[in-house]
Amino acid sequence: MNNDQNPIKDTIENGGANAPEETTEANAAEPKPIETNEAEAKPAEVNAGEADSEEGNTVELNAGMNPDGALLQESAQPAQPEPPKKNRKGLKIGLSIIAALLVATLILSLVTNGFSGFPRGLSLPGGMSLKQFTGYNQIRNEVNHLRKQNKSNWFTDFLIGLLSGNQKLSLDGDKSSEDRSAGKGNAGAASDAKTDAASAEGQRHSETYEQVEGVSEADIIKTDGKYIYCADSGAWDGHKITIFTAQGKQSKSVATIDVSTRKTEATKDEAAFDYEAFYGYGTSIKEFYLRGDRLIALCDQFNVTLTGYTTYVQVYDISDINHITLIDSLTQSGGYESSRLIGDNLYTVTSYKPYDDRMIPVCGRGDEPAPLPAESIYSFAENVEESFLVFSALNTLDHTAQPESKSILGGVDDIYCNEDHLYLYSTVWRSGGDIWSANADSQILKVDLNEGIEFSAYTKVEGWINDRYSLDEYNGNLRVATSSYDGTKDVNNLYVLDEALEPIGALTGFAWNETIQSVRYLEDMAYVITYEETDPLFIINLSDPTSPAINGEVKITGFSTMLVPVGKDKLLGIGYHTEKETDNLLEVQEGVKLALFDISDKRNPRVLDSKSYLSCYSEVQTNPKALVYNPDRDDYVMPMNFEHWGHFDSQKMEYVFEEETYGGVLNFRIQGDKLVESAYEKTAYNAVNRCVYVGNDIYMTYYENDELKLDSIPYR
């Protein structure tokens, strides 16, 4: 299908049968309020004079912020004395010229950007608004406005900073969030299925680590105790899921699922130089789920016949491993960001940056999705992103049920989800500073999952969120940990928001010159790791949500990016070993570090034990799903790779190359107050990226000559 024959494009631009009627000044409907829980929602409000215009509906959500912006930290700095006045005529003339230049620049920026036909940054009583579109032209106008604004604002921001005395270049951008601290609800490692029973035909086996019990997370490797399923995503043409038997050293590949949505007869080498042939290899498998006799694959691809980057959900029947069949699929605009599976309902989040003039996101079953109705598309009140967040709900068991989808003009970093609510959050960087010391706000949108997809509350808090484990819902309150910049230094904060995301308590400004590396919530306690040169573990008491307070802290060198509860009185930290370089005293990351904390006394936590593995690295340091917990043995398995390239000879003043690299796995347990290494196995020259266990064997995956390999070792 070529672009001229694109039915989606024709529907949107030419007013096909599925195109919603445009709202005009003559026929504009009254603003449509977003339905919220009646017990906690506020009535929708609209500025007078705006309801009957082409400006789009403005719908109020409960927002935990002041009318003038985000939750801000209280300033503890004393007022600065006013400097003596200098009566210099030349200085006054110079300042007048600078002011005139600044005003002219701002006017030029507005003229260059154009004026959007959509109200921007509109504050309503009670907080910020989430705006709802009523026509496709509004959406196009807003996207075009943002495109022009983002192209020109870099110069305006720089000039404003220059004239104000801050000569640092300001850049707005996304802060990518990695899964860097781990844990679920109020228990230890979790999975797609319970670990207290083996599968129908398979042996006892590992499960994917979950943040919240009952909410399944996709991964690139899973097992059902009989087979091991591996996403072949590391290769250039990684569009396959390879299925191995779980038979120790006799394991072998028995089936392959090709998730490619476009086929090609071209070879891989030909596709590398052929624009059209490339798209046959362009599908990338991101993650997948196992749910009974179904495998649910999440893939994305740049599709020139749709809307550019496109995500595909593919549901396969794997009841007969020799005859795997595709039984359902969903197509959704945007590159894959994240997903959750609750029961049979799959929630998928994508990020869509409009491709050419195709500005309306699409979503639907099969390979012919429909454009979202304009009324299902919203915008954050102070949005600066020209990308859409696209959110869908699909029943993976009932193929007759229609999927539901909504979209928001604005970015997304990641999601936090429990069985009732899903929270979408994104970082909005403020201009005026440099990228190393810029401050930011985090906007959070609450989605109610009990009645389809309902946006129920919205707020902004000061600072950036390290990752999704910095959020946790407990007794109806959302706890959010952030790092921020107060103008002179980095500080850290913990906010408590009620069901309407209204602030009810906050602890701000702790751990100066450090930033959050990991967070773990256990009931009414928060355990927070920050880092600059040491690794302080803070214990924050949240028993009174209106008055969070630090109970105690302990410091250790290095820092943990993952915290795992061990019983009620201990925490396992997994992260980085650090040390100072002798020549320049810089703090550098030199390996993997395990730390065991005693948290029985909340006012006096202690470090019980630690182990460092120099020149090593592990996927667990950035991805908690790479940690494998075996409840039968009460031990842990993680990839552990060694990499050493040489050293600097200070006497000869030259670098001596001593290349040595290999992959492996570390098996360890906690015995009393000690970390005990059960085994460290060197298994391959290439790096091991993931592992699972089945029965008495540990399996690991790695790549060799661009080919996915599976190896195994017995438990020691």
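Read on for a plain summary of the structure. (Residues numbered from 1 in each chain as written. Predicted model: local features only at pLDDT ≥ 70, side-chain atom pairs only at ≥ 80, totals over all residues. Heavy atoms only, no water.)

### Side note on the nonpolar core
Inference 1: The biggest cluster of nonpolar side chains holds 36 residues, and the ones touching the most others in it are Phe391, Leu422, Leu424 and Leu478.
Inference 2: Among residues more than four places away in sequence, those in contact with leucine 422 are Tyr347, Phe391, Ile415, Tyr416, Cys417, Leu445, Lys446, Val447 and Leu449. (Core = buried A, V, L, I, M, F, W, Y, C linked by side-chain atoms within 4.5 Å. Buried < 20%, exposed > 50% of the residue type's maximum accessible area, 1.4 Å probe, protein only. Contact = heavy atoms within 4.5 Å.)

### Notes on the pairing of strand 39 (residues 654-671)
Inference 1: Note that strand 37 (residues 635-639) and strand 39 share five bridges and pair antiparallel. Following the sheet pairing, tyrosine 636 is matched in strand 39 by phenylalanine 668.
Inference 2: Direction of pairing for strand 38 (residues 641-649) relative to strand 39: antiparallel, over a ladder of seven bridges. Among the inter-strand pairings, histidine 644 is bridged to a residue of strand 39, identified as glutamate 660.
Inference 3: Pairing analysis gives nine bridges linking strand 39 to strand 40 (residues 674-684), with the strands arranged antiparallel. Across the sheet, residue valine 665 finds its bridge partner in strand 40, namely glutamate 681.
Inference 4: If you look at the hairpin formed by strand 39 and strand 40, you'll find two residues sitting between the two strands, and glycine 672 has a positive phi there, around 65 degrees. (Pairing = 2+ DSSP bridges. Helix = DSSP H or I, 4+ residues; strand = E, 2+ residues; numbered from the N terminus.)

### Comments concerning the environment of leucine 449
Inference 1: By secondary structure assignment, the location of leucine 449 is in the loop between strand 21 (440-448) and strand 22 (454-462).
Inference 2: For the pair leucine 449 and asparagine 418, spaced 31 residues apart in sequence, the C-alpha to C-alpha distance is 9.3 Å.
Inference 3: Look past the residues within four positions of leucine 449 in its chain and what remains in contact with it is Ile342, Tyr347, Phe391, Cys417, Asn418, Asp420, His421 and Leu422.

### Observations concerning the pattern of salt bridges
Inference 1: Overall, the coordinates contain 18 salt bridges when judged by the stated rule.
Inference 2: The partner of arginine 606 in a salt bridge is aspartate 598, and the shortest N-O contact between them spans 2.8 Å.
Inference 3: Classification of arginine 606 by relative accessible area gives partly exposed; the value is 45%.
Inference 4: Salt bridges here are not isolated pairs; linked through shared partners, they connect Glu217, Asp414 and Arg468. (Salt bridge = Lys/Arg side-chain N within 4 Å of Asp/Glu carboxyl O.)

### Let's talk about a nonpolar patch on the surface
Inference 1: A surface patch of nonpolar side chains, amounting to about 630 Å² of accessible area, comprises Trp645, Phe648, Met653, Tyr655 and Phe657.
Inference 2: Listing elements by their share of the nonpolar patch, those giving two or more residues are strand 38 and strand 39.
Inference 3: Structurally, the position occupied by methionine 653 is in the loop between strand 38 and strand 39.
Inference 4: Methionine 653 gets classed as exposed once you look at its relative accessible area, which sits at 59%. (Patch = residues over 30% accessible without salt bridge, like charges linked within 9 Å, V, L, I, M, F, W, Y side chains within 5 Å. Areas by Shrake-Rupley, 256 points an atom, 1.4 Å probe, with all protein chains shown as cover.)

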